[in-house]
Amino acid sequence: MEARFALLPGDGIGPEVISEARRVLEAVADVAGHRFSFTEYAIGGCAIDDHGVALPEATLEGARSADAILLGAVGGPRWSDPLASSRPEDGLLAIRSELGLFANVRPVRTQPQLADAAPRKREIIEDVDSLFFRELTGGIYFGGSTTTSEGATVADHMRSSVHEIERIVRLAAEAARHRRGELTSVDKANVLAVSRLWRSVADRVMSEEFPDVEFETVLVDAMAMHLLSRPRDFDVVVTGNLFGDILTDEASMLPGSMGMLASASLGASGPGLFEPIHGSAPDIAGTGTANPLAMILAAAMALEHSLGLTDESIRIHRAVDVVLDAGIRTPDIAAGGPVVSTVEMGTAVVEALDRTTS
Ligand code: IPM
Ligand code: MG
C-alpha cells in the first residue's frame, strides 16, 4: 500500500527519535512491499524560532492531508519564558484540538527483560498490561484562563461536556470488550463538579450500553496509589485530560522508563497522531543517548490504528522484543550495564525486523 506520513520532529530529542522511527518504517515498507513517503513539518519551539508561531499553517495542512502523523516532542528551556506570548506546548495542544484528536490511547505494558531496570519490585510490576484512555481535547487544558487584579489572581477553568465524556467512555469500553472486559473510570467526584458530571455520564453509558463490561470508579488520588501497589489489577482505564497526563507519567515507571511508552491520539475520522509520552528531554538532546523505542512503538501504533497494517505493527513489536532479549539498552533502561546510542538502538531494531517474519 501507499501511505503518506507527516513527520513533526519538534524540539530537544524529538528529531533524534523521529529519525529512528522513520528508518524502522522504511525497513518495514521494504520487507512488506509498501510505499511510504515522509514529509517533515515544523512544530513547537523550533517553529516559533523559524515561523513565529508554534503551529504554522503549513504544518496543520500537511498533517491534515497525511495518512498518519508522527510527532517527536515539543518544548525546552529556551522557550520557557513565562511572559512569552507563544509557547511550544501551544502547538501540540492546537494540533490536537484542530484535528479533533479527542482520544489519547496509552498502553502500559511491562517487559520481563526490563524488570531489573524498573524502580518497582519485580513481583509488583510483573505482567502489567493496561490501556489508558485520556480525554485529550477538553478539561482544564481547554477551559481557558482568566487573570484578574493585574495578575494577583489567575484561574484555569476545568470544563467538560456530556458529549465529550460519552465518546471517550464508549471508546474505552469498546477496547475493554476486546481485552479482559474491565474498565476503571478515574475522577475526583468528591470535590470537582466536572468529575461529578464525568461520573454520572460514565455510570449511565456503562449500565445502558456495556452491561457486559465490569466497571468501577476510582478517585484519582487513590488511583495514584493503586498504580504503585497493585498495577496488575487494571485493564482499561479512562480519565480526563489532566489526570490522564499525570497518571500515565506515573505508570511509565512500571515498565521503568518513559522512553518505552508510546501513545496514539485519535479522532472520529482523519489521521491519527502518534507520539512517545516522553517530552523533549533538553538535558540529553544532541548527546545521542535518548531511547528511540517509545517513538518506534508509536510508529507501530500508527501502522495499526491509521493504516490497518496490524501484521507490520506486530512485526515492529517483535523486533523490539528481540532487541531487548539481546540485552541492547539505551542508558534509561540499562540498570548500570553496557549501553548503545540512539542510532545504534534504531539500527538494532531495523536489523531485528529483517529476522522476524509477520
Ligand atoms: C503529554 C505532554 C503534553 C501534555 C505537554 C507537552 C503539553 O505532557 O503529551 O503528555 O501535557 O499533554
Ligand atoms: Mg504528559
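The model shown is predicted, which means the values in this text are computed figures rather than measured ones. (Residues numbered from 1 in each chain as written. Chains lettered and ligands numbered in written order. Predicted model: local features only at pLDDT ≥ 70, side-chain atom pairs only at ≥ 80, totals over all residues. Heavy atoms only, no water.)

Observations concerning the sheet that holds strand S4 (residues 103–109)
Neighbouring strands of a sheet are bound in pairs by backbone hydrogen bonds; such pairs are parallel or else antiparallel.
Turning to step 1, where the next piece is worked out: In spatial order, the strands read S2-S1-S3-S12-S11-S4-S5-S10-S8-S9; together these 10 strands make up an open sheet with mixed pairing. Of all strands in the sheet, those with a lone pairing partner are strand S2 (35–40) and strand S9 (214–219), marking the two edges. For this sheet the average axis-to-axis angle between neighbouring strands, irrespective of direction, equals 25 degrees.
Turning to step 2, where the next piece is worked out: Where strand S8 (residues 182–187) and strand S10 (residues 236–239) come together, four bridges link them in parallel fashion. The residue bridging Leu183 from the neighbouring strand is Val236, located in S10. (Pairing = 2+ DSSP bridges. Helix = DSSP H or I, 4+ residues; strand = E, 2+ residues; numbered from the N terminus. Axes fitted to C-alpha atoms, helices over the stretch in contact; angles between N-to-C directions.)

Details of the pattern of salt bridges
When their charged atoms lie close together, side chains carrying opposite charge are able to pair.
Turning to step 1, where the next piece is worked out: Scanning the entire structure with this criterion turns up 23 salt bridges.
Turning to step 2, where the next piece is worked out: A salt bridge links Arg4 to Asp67; the shortest N-O distance between them is 3.7 Å. Within this pair, whereas Arg4 is found in strand S1 (residues 2–10), its partner Asp67 is found in the loop between helix H3 (57–64) and strand S3 (68–73), the two being separated by 63 residues in sequence.
Turning to step 3, where the next piece is worked out: When its relative accessible area of 43% is taken as the criterion, Arg4 is described as partly exposed.
Turning to step 4, where the next piece is worked out: Arg109 is the partner of Asp129 in a salt bridge, and the nearest nitrogen-oxygen pair spans 3.6 Å. With Asp129 in strand S5 (residues 129–135) and Arg109 in strand S4, the pair connects residues that are 20 residues apart, well separated along the chain.
Turning to step 5, where the next piece is worked out: Classification of Arg109 as partly exposed rests on a relative accessible area of 40%.
Turning to step 6, where the next piece is worked out: Within this structure, Arg109, Asp129, Arg179 and Asp235 form a network of salt bridges that share partners. (Salt bridge = Lys/Arg side-chain N within 4 Å of Asp/Glu carboxyl O. Buried < 20%, exposed > 50% of the residue type's maximum accessible area, 1.4 Å probe, protein only.)

What about the nonpolar core?
Turning to step 1, where the next piece is worked out: Membership of the largest hydrophobic core comes to 88 residues, with the highest contact counts inside it found for Phe5, Phe36 and Leu70.
Turning to step 2, where the next piece is worked out: The element that contributes the greatest number of residues to this core is helix H10 (residues 293–305), accounting for 10 residues.
Turning to step 3, where the next piece is worked out: Built from parts of two domains, this core gets at least three residues from each of domain 1 (1–112 + 255–358) and domain 2 (129–253).
Turning to step 4, where the next piece is worked out: Residue contacts for Leu70: discarding those within four places in its chain leaves Phe5, Ala6, Leu7, Leu8, Ile18, Ala21, Leu25, Phe274, Met295, Ala299 and Ala302.
Turning to step 5, where the next piece is worked out: If you look at the next biggest cluster of nonpolar residues, it comprises 15 residues, including Ala6, Ala63, Ile95 and Leu101. (Core = buried A, V, L, I, M, F, W, Y, C linked by side-chain atoms within 4.5 Å. Domains from an automatic or database assignment. Contact = heavy atoms within 4.5 Å.)

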